[in-house]
Amino acid sequence: MTKTNVRGPFGTAVGPFLVVVSRALRNIYGKEGGMEGSWRVYRERIKLIFQMTVSIKIGGTNMVRKALTVVTALGVFMAAALPTGALAKTVDDFTDLQGVDITTKAKLETLIQAGVFQGVSEDRFGLNDTLTRSQFAKVLALILNLKVDSSITKSSFKDVKADDPGNGYALPYIEALKQAGITTGNADGTYNPAGNVTKEQLAAFLIRGLGKEGEAKSTPGVSSDTVSDWAANYVALALQLKLLDGSVNDFKGSASRDDLIDGLSNSGTYHYGNNQPFRVYGVEQTGASRLQVNLSRYRSNEELSFKVVSKKYGEVTVKAVEWSGTKATLILDRKLEEDSYDITLTGTGPIDEKYTQGSTSTHTEKLTSIKFTDPSDTVAWVKEIPVHFAPLNQFGESMNLTADDFDISSSEDLTTVKGEPTVLVHMNNSTLRRGDRFTVSIMEPNGGVAVTRIFTIGDSAFVAKLESKGITDASGKATDSLMSGEQAYWNFTAYNQYGDQIRDLETLTKYISVISDKSQLKFGGISVSSGNSAQTYARLVADTSSEIQVKATLSAASTGGTFQSTLTLKPKPVVEPAPVYSPPASTPSPDPEPPVEENPAAVVEEIGFADLTSESVLVQPITKNAKKLYYAVIPSAGAPAELTAEEVKNYKAAHPTSISGTVDVTSTSVNTKTTISLSNLSTKTKYKVFVVAENGEGLLSEVKRQEMETRFKVDIHFLNVERDVGDNSAKINAVVIYPDDSVLSPGEEIPTIKETEIFYTLDKSKDLSIDDVLLRGGLDQPTLGSGKKISSGGMDNINIDSIPLESGEYTFYVVAKQGNFYSEVETRTFQWQEDSVPPVIP
């Protein structure tokens, strides 16, 4: 037989390739695998199979069959070359893995195929077996691709010996971990190679391997008797990163192989090289519109995509995919609801078809916290002090809610900023000055989430920091040229001395200016936009008859900081007037066309409510371009999810006894408020309010829907105010009667007791709102005459002892809450004198 110089699919000589593969086999399946010397046999087998697969004699000529792909060739020769039970092993070969879930199987498949883990016997993997520190050293060194010097025979740890029959193999791996700073061993100079890895040690190893040692030191440690002091910070960070199971109650206990596998897989950073196929490890919801897919490896140049199917809606659109390590975050085109989703991985990369799918349950986003975002409790004094906050959902994302979606109160006058989670606290008529304090309280309408912050007034605001955001034209696009007679906008952000963004026009005008090296570019003043962007900008106006370049400088007088930009000013093009057609004298000129009267579409912008009681309310829709409004107010228990515009318009005709009808709108301008007075409502009832607007041509707007809940009544049946002996303090006793909310279920002899919350406060003002009473009562400060009491049975006593009062008239307020329903505000007044005269109670 003639010798042939065998060449691979890429045309390269196979000799060097065989050397590389043979050495790899020897490294992987040498001494540890119990196969010393047999690697030569496998090398020859590789050579034979490679010859068989890449060189085929056809018609007397040696030709490389092009149809045989590289993947097929490698698969054939590796399958034939490797010993039985080497890379051919899969999770299906282990009897104790048959019952594990598909997610765990995908993780194990990657580890087994990569040679990181092997079974503890031929047919048992030992998923729940403990892990020795020697075994762990080898696994982590391989995963991190650390430099391992296999020639080392002496360890820096006194109890690690090369001739140790059980653990000697791990000596170079242990040294590799030490060199990488992942382990320091014990204080006595030992490593304890045969000892089990504990869960807290696992946390420390994984955190160090991720390069997060510094982050761990700054993380507040876990406070638990089951965590050693040295490990408290590591465990805390590992729990945050999901490297450890949060349900663990003994971190000093031994870690299992399963614990290590979960930690490696959940890290999103540890992987096993890109020689493994893609496998789906799991899916979880990480945002209101986000699903995160955990994969077995990094993506490099592979074209991967995800098919996402909702149980409710079928296949949905993935707007974008964000990649971070081995995790892909899918941003969907919708907010997630109470639903379940199936995700399938597809693409051109190497994908293990057994593990392409994952599933997860999803939940509607809900408000879980409110966070003030102002950087400091001290705020600069301006006429309107902005206070910013962020409504956060269960995933820590900011929700698309504005200040108008919350009940907000302050010790000073305030207004909300439309479209933003921001309020403005007004100082115009306030007596507060430097060093004084004011509070802002924000409460979810149902009272579930609330936050209060106390602010201290500092010095008057000045610009301490200035940032340029570039120059844009009227459409918001970046520009470096400007037509004569038109405006450009130099966008900037200014911060005061306390780190807050400055939006006060008076302060900005005082400190910010733009100067130009040529008179043809003029500074037109400062403006502050409204809306979520809250952008501030300087207006630039061009006035030139020829094309010129100008240099403009944006500066803040208080900081000395400047920004420069070059603009090209262009003259306005001369437009020749179009020729005017003059008809012959004998032809009369046609009558001019009557102007077309525009009649833009009507819009219901929002629905507000005022003077809400147990049986009446003022419904106040805000509209534009509207001539008429149609409304329907339906108890939520029997209301449809939605109504069409025509259904709202005709609701009265279809349901004559319903609370519905029509009203005229007095103005078509923007932000027109129309008041609809409703009565005969049912007490303590949730309603859906549907409103649709009609323009001058009879065209209907989209339906606006809002929910409301009517109040119920409480009664201050008795109020007694007495003077403490020897001072001006008062003792107050009140008896409050409210509807008993207890329920007697069928077949029960004893009713189910439901609690009622009673909020109360005392104040000289006669016009506290329900929100004021709830806020003050919720703070529970009896010494200031405010508090909250849990009650049942329909009646309770409220006692306030020794509260100092000044002379004057006082009002005692009470509001009750049952479930999600609130009562009307009930009040009683009395006169108090700072002497021995008994109080007067009307």
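For the structure itself, consult the block above.
Residues numbered from 1 in each chain as written. Predicted model: local features only at pLDDT ≥ 70, side-chain atom pairs only at ≥ 80, totals over all residues. Heavy atoms only, no water.

**Examining the sheet that holds strand β17 (residues 437–443)**
An order of β12-β18-β17-β14 is seen for the four strands of this open sheet, with the pairing classed as mixed. What marks the edges here is a single partner per strand, and that holds for β12 (378–381) and β14 (407–410). Taken over all neighbouring pairs, the strand axes of this sheet differ in orientation by 30° on average, direction set aside. (Pairing = 2+ DSSP bridges. Helix = DSSP H or I, 4+ residues; strand = E, 2+ residues; numbered from the N terminus. Axes fitted to C-alpha atoms, helices over the stretch in contact; angles between N-to-C directions.)

**A look at unusual backbone geometry**
Backbone geometry at Asp611 places phi at a positive 50°, although glycine is not the residue there. Along the chain, Asp611 falls in the loop between β27 (603–610) and β28 (617–624). Notably, Ser802 is not glycine yet its phi reads approximately 55°, a positive angle. When you line up the elements, Ser802 lands in strand β39 (residues 795–804).

**Some words on helix α14 (residues 770–779)**
Those residues of α14 lying buried are Ile770, Asp772, Val773, Leu774, Leu775 and Gly777. Remark: Asp780 follows α14 within two positions and exhibits a positive phi of approximately 55°. (Buried < 20%, exposed > 50% of the residue type's maximum accessible area, 1.4 Å probe, protein only.)

**A closer look at the packing of aromatic side chains**
This model, assessed by the stated rule, comprises eleven aromatic pairs. With a centroid separation of 6.1 Å and an interplanar angle of 35°, the aromatic rings of Tyr760 and Phe812 are classed as tilted. Highlighted residues: Tyr760 in strand β37 (residues 756–763) and Phe812 in strand β40 (residues 808–818), separated in sequence by 52 residues. In this structure Tyr760 comes out as buried when scored by relative accessible area, which is 7%. Overall, the relative accessible area of 0% leaves Phe812 in the buried class. Between the NZ or CZ atom of Arg133 and the centre of the ring of Tyr191, over which it lies, the distance is 4.3 Å. Over the ring of Tyr495 we find Lys465; its NZ or CZ atom is 5.5 Å from the centre of that ring. (Phe/Tyr/Trp six-rings, centres within 6.5 Å; stacked < 30°, edge-to-face > 60°. Lys NZ or Arg CZ within 6 Å of the ring centre and 35° of its normal.)

**Details of the nonpolar core**
Within soluble globular proteins, side chains that are nonpolar tend to cluster in buried spots. If you look at the biggest cluster of nonpolar residues, it comprises 54 residues, and the most contacted ones within it are Phe117, Phe125 and Leu260. Contributions of two or more residues to this core are made by α4 (102–113), α5 (133–143), α6 (171–179), α7 (199–209), α9 (232–240) and α10 (257–266). Sequence-distant contacts of Phe125, that is, excluding residues within four places in its chain, are made with Phe94, Asp96, Leu97, Leu108, Ile112, Phe117, Gln118, Gly119, Val120, Arg257 and Ile261. (Core = buried A, V, L, I, M, F, W, Y, C linked by side-chain atoms within 4.5 Å. Contact = heavy atoms within 4.5 Å.)

**Considering empty space enclosed by the protein**
Taken as a whole and judged by the stated rule, the model has one cavity of 30 Å³ or more. When its volume is computed, the largest cavity comes out at roughly 30 Å³. What lines the largest cavity is simply Asp407, Ser409, Ser441, Ile442, Met443, Asp771 and Leu775. Residue assignment for the lining of the largest cavity shows that the elements contributing at least two residues are β14, β17 and α14. Residue contributions to the lining of the largest cavity peak at three residues, all from β17. (1 Å grid on protein atoms, 1.4 Å probe; cavity = no way out; pocket = protein on both sides within 12 Å on 5 of 7 lines; lining within 4 Å. Points joined across faces, edges and corners; volume = space filled by probe spheres on them.)

**Quick word on the sheet that holds strand β11 (residues 367–372)**
Read across the open sheet, the four strands follow the order β11-β13-β16-β15; overall the sheet is antiparallel. Every interior strand has two partners, whereas the edge strands, β11 and β15 (414–416), have only one. Going across the sheet, the axis of each strand differs from the next one's by a mean of 25°, ignoring polarity. Relative to strand β13 (residues 384–393), β11 is paired through five bridges, and the arrangement is antiparallel. Residue pairing across strands places Phe372 opposite Phe389, the latter belonging to β13.

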